[in-house]
Amino acid sequence: MHVPLCELLAHPGAAAVLREHFAGLLDGPFARTAADLSLLQIAAFAVGLLPTARLHAIAAELSEAEATAP
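Residues numbered from 1 in each chain as written. Predicted model: local features only at pLDDT ≥ 70, side-chain atom pairs only at ≥ 80, totals over all residues. Heavy atoms only, no water.

As a further point, take the nonpolar core. By size, the foremost hydrophobic cluster in this structure holds 16 residues, and its most contacted members are Leu18, Leu39, Leu50, Ile58 and Leu62. Contributions of two or more residues to this core are made by helix H1 (5-9), helix H2 (12-22), helix H4 (39-45) and helix H5 (52-68). (Core = buried A, V, L, I, M, F, W, Y, C linked by side-chain atoms within 4.5 Å. Buried < 20%, exposed > 50% of the residue type's maximum accessible area, 1.4 Å probe, protein only. Helix = DSSP H or I, 4+ residues; strand = E, 2+ residues; numbered from the N terminus.)

Okay, here's the thing in structure tokens:
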């Protein structure tokens, strides 16, 4: 949750989780604009994009992806 978006997208498991939640946003100008921001910073900046329940779901899925990574 505190890792910059660009670092998350560099890891295939994390990128897959984020693509499930953000679909096309990660391939456009949003990802370039928010590349150096963490998910918590994005949530504070883009109100409504990452409600608390979604942040918790993403955090759980990222933890699971990290645990199953080779």
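Attention shifts here to the packing of H2 against H5. Running from N to C, H2 and H5 cross one another at 155 degrees; their axes reach a closest spacing of 9 Å. Classified by the angle their axes make, H2 and H5 are roughly antiparallel. For the element pair H2 and H5, the recorded crossing hand is right-handed. When H2 is examined against H5, the residues Gly13, Ala14, Val17, Leu18, Glu20, His21 and Phe22 are found in contact with a partner set consisting of Arg54, Ala57, Ile58, Glu61, Leu62 and Ala65. (Axes fitted to C-alpha atoms, helices over the stretch in contact; angles between N-to-C directions. Parallel < 35°, antiparallel > 145°, perpendicular 65-115°, else oblique. Left-handed = near helix turned anticlockwise from the far one by under 90°. Contact = heavy atoms within 4.5 Å.)

A separate point is the side chain of Ser38. Counting through the fold element by element, Ser38 comes out in the loop between helix H3 (29-33) and H4. In terms of polar contacts, Ser38 uses its side chain to reach the backbone carbonyl oxygen of Met1, at 3.4 Å. With near-sequence residues (within four places) excluded, Ser38 lies in contact with Met1, His2, Val3 and Pro4. (Polar contact = N/O pair within 3.5 Å; in protein donor to acceptor, adjacent residues only side chain to side chain.)

A word on the pattern of salt bridges. The tally for this structure, following the rule as stated, stands at 1 salt bridge. The salt bridge partner of Asp27 is Arg19, with a shortest N-O separation of 3.1 Å. The class of Asp27 is exposed, set by a relative accessible area of 57%. (Salt bridge = Lys/Arg side-chain N within 4 Å of Asp/Glu carboxyl O.)

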